[in-house]
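# Structural overview
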Amino acid sequence: MEKILKEKLAQDMPIYQQEEILWMLDHIGHPNYKIRDDLIFVSLARAIQEQLFTKDQFDFVVVEALKRQGLLYKKEEVGQATLIRSFTALLFANLLNADAKKNSLYFKRLSSHQRMALFEQGLSYLLYENDSTGYSEEYGWVHAFAHGADLLVEIICHPDFPITRVNEVLQVLEKIFKRVDWRFISDEDWRLARVIYQAVLNERLSQTRVAVWLTSLSFPLENSIDFIQFSNVRSCLLEIYLQLNKEKVLADELRETIHLFSY
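What counts, and at which threshold
Residues numbered from 1 in each chain as written. Predicted model: local features only at pLDDT ≥ 70, side-chain atom pairs only at ≥ 80, totals over all residues. Heavy atoms only, no water. Helix = DSSP H or I, 4+ residues; strand = E, 2+ residues; numbered from the N terminus. Rg over C-alpha atoms; globule rule 2.2 N^0.38 Å. Buried < 20%, exposed > 50% of the residue type's maximum accessible area, 1.4 Å probe, protein only. Contact = heavy atoms within 4.5 Å. Domains from an automatic or database assignment. Buried area = accessible area lost by both parts, 1.4 Å probe. Salt bridge = Lys/Arg side-chain N within 4 Å of Asp/Glu carboxyl O. Polar contact = N/O pair within 3.5 Å; in protein donor to acceptor, adjacent residues only side chain to side chain. Core = buried A, V, L, I, M, F, W, Y, C linked by side-chain atoms within 4.5 Å. Phe/Tyr/Trp six-rings, centres within 6.5 Å; stacked < 30°, edge-to-face > 60°. Lys NZ or Arg CZ within 6 Å of the ring centre and 35° of its normal. Axes fitted to C-alpha atoms, helices over the stretch in contact; angles between N-to-C directions. Parallel < 35°, antiparallel > 145°, perpendicular 65-115°, else oblique. Nonpolar A, V, L, I, M, F, W, Y, C, P; charged D, E, K, R; others polar.

The protein is annotated in an unreviewed UniProt entry as Aquaporin Z from Streptococcus intermedius B196.

Turning to the overall build of the protein, a few remarks are in order. Assigned secondary structure in the protein consists of 12 helices and 2 strands. On C-alpha atoms alone, the protein measures out to a radius of gyration of 19 Å, which is about the 18 Å that the 2.2 N^0.38 rule sets for 263 residues. Residues classed as buried in the protein amount to 53% of the 263 residues present. Taking the contacts inside the protein whose residues are at least 6 apart along the sequence as the reference set, 71% of them involve residues at least 24 apart.

Below, the discussion takes up the domain arrangement of the protein. Each domain of the protein was delimited in the assignment, giving domain 1 (1–143) and domain 2 (162–262). The C-alpha-based centres of domain 1 and domain 2 are spaced at 27 Å. Taken together, the contact pairs 13 residues of domain 1 with 12 residues of domain 2. Buried surface at the junction of domain 1 and domain 2, summed over both partners, amounts to about 1,100 Å²; 59% is from carbon and sulfur atoms. Contact with domain 2 buries surface across domain 1, with Leu-123, Leu-127 and His-143 losing the most and accounting together for 47% of the total. Put simply, domain 1 and domain 2 have 1 salt bridge between them. Between Arg-165 and Glu-120 there is a salt bridge; the shortest N-O distance is 2.8 Å. Across the contact surface, domain 1 and domain 2 share 6 residue pairs in polar contact (both at pLDDT 80 or more). Of the residues forming the side of domain 1 that touches domain 2, the biggest block, 3 residues, is contributed by helix H6 (residues 112–125).

Within the largest apolar cluster, 90 residues are counted, with the highest numbers of intra-cluster contacts made by Phe-53, Leu-91, Leu-95, Leu-152, Leu-173, Ile-176 and Ile-196. Beyond its immediate chain neighbours, meaning those up to four positions away, Phe-53 contacts Tyr-16, Ile-21, Leu-44, Ala-47, Ile-48, Phe-58, Val-61, Leu-105 and Tyr-106.

Now for the packing of aromatic side chains. Enumeration over the complete set of coordinates arrives at 12 aromatic pairs. Measuring from centroid to centroid gives 5.3 Å for Tyr-135 and Trp-141, while their planes differ by 70°, and the two rings are edge-to-face. For Tyr-135, a relative accessible area of 41% puts it in the partly exposed group. Ring pairing ties together the aromatic residues Phe-145, Trp-182 and Phe-184, which thus form one cluster. Above the face of the Tyr-128 ring, Lys-75 is positioned so that its terminal group lies 4.8 Å from the ring centre.

Packed helices, taken two at a time, are described by the angle their axes make and the gap between the axes. One can describe the packing of helix H8 (residues 166–179) onto helix H11 (residues 224–246) by two numbers: an axis separation of 8 Å at closest approach and a directional angle of 135°. One way to sum up the angle between H8 and H11 is to call them oblique. Facing Phe-177, Lys-178 and Arg-179 of H8, the residues of H11 in contact are Gln-229, Asn-232, Val-233 and Cys-236. Here the contact of H8 with H11 is built from residues that sort into 3 nonpolar, 2 polar and 2 charged.

Here we come to helix H2 (residues 18–26). Within H2, the full set of buried residues consists of Glu-20, Ile-21, Trp-23, Met-24 and Leu-25. Next to the buried residues of H2 lie helix H1 (2–9), helix H3 (33–49), helix H4 (55–68) and helix H5 (80–100).

Another aspect to go through is the side chain of Thr-257. With respect to the helices and strands, the residue Thr-257 is situated in helix H12 (residues 252–259). We classify Thr-257 as buried; its relative accessible area is 13%. In this structure the side chain of Thr-257 is engaged in a polar contact, spanning 2.8 Å, whose partner is the backbone oxygen of Glu-253. Apart from residues no more than four positions distant in its own chain, Thr-257 is found in contact with Ala-211, Leu-214 and Thr-215.

On to the pattern of salt bridges, then. This model, assessed by the stated rule, comprises 17 salt bridges. Here Arg-191 and Asp-150 are joined by a salt bridge, their closest N and O atoms 2.7 Å apart. In this pair, Arg-191 is assigned in helix H9 (residues 188–201) and Asp-150 in helix H7 (residues 144–157), connecting sequence segments 41 residues apart. Since its relative accessible area comes to 23%, Arg-191 is described here as partly exposed. In this structure, the salt-bridge partner of Arg-194 is Asp-150, at a minimum N-O distance of 3.3 Å. Of this pair, Arg-194 sits in helix H9 while Asp-150 sits in helix H7; the two residues are 44 residues apart in sequence, bridging distant segments of the chain. Where salt bridges share partners, they join Asp-26, Glu-64, Lys-67 and Arg-68 into one cluster.

Below you can see the structure in the form of structure tokens.
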């Protein structure tokens, strides 16, 4: 199967068979990064983004991905088990992205039930994920928090995610920052920052709302973990500041609020 998929990856317009798609889903968390990252996930993401799957095949991927409940796979375990959760998050992000794009073959292909299931599972994922690994010498990039953040971006920016629920996403981010007791060292904080600045750029979230949220955050700074959590948030805010400033849309209110976020 690996040989077949490698050959198709080199083709301009490969046609995938059902058993090939099923094999990729069965091995989405393969421990060998050369197979998982460079073959399986690249093939899945490319097929979705470049619309190589038929509509029926896209439907099949959605049904199978939801049925497997990969985000919950051995959720108390870290290591190899995390790979299934982490790369399921990336797959979900790709499915939502395709469903949201008007020029995609799969635009609004998800049923309302499927879409809501992806929303709900994505919102809860990083509230229980405990694997802090960024890069592993054994598995390559594990990056669960980065991939979970990518899924949150697609959720909050999806046009069918109720605008009345954007505050929930901010609450999820707050809970993540207040439960993580390690310093992000593999750009996870920058990926979490994307949730906010992409929502702002896509007019899903106002800068005023972000500023109000920031002023509501409280870190007691009484022990080392408090400082680690505070530092993760501040690093996230720096990325938000830089990205919105680069796009020349950073409002004075949010700029000042970020300036005041200090010890």
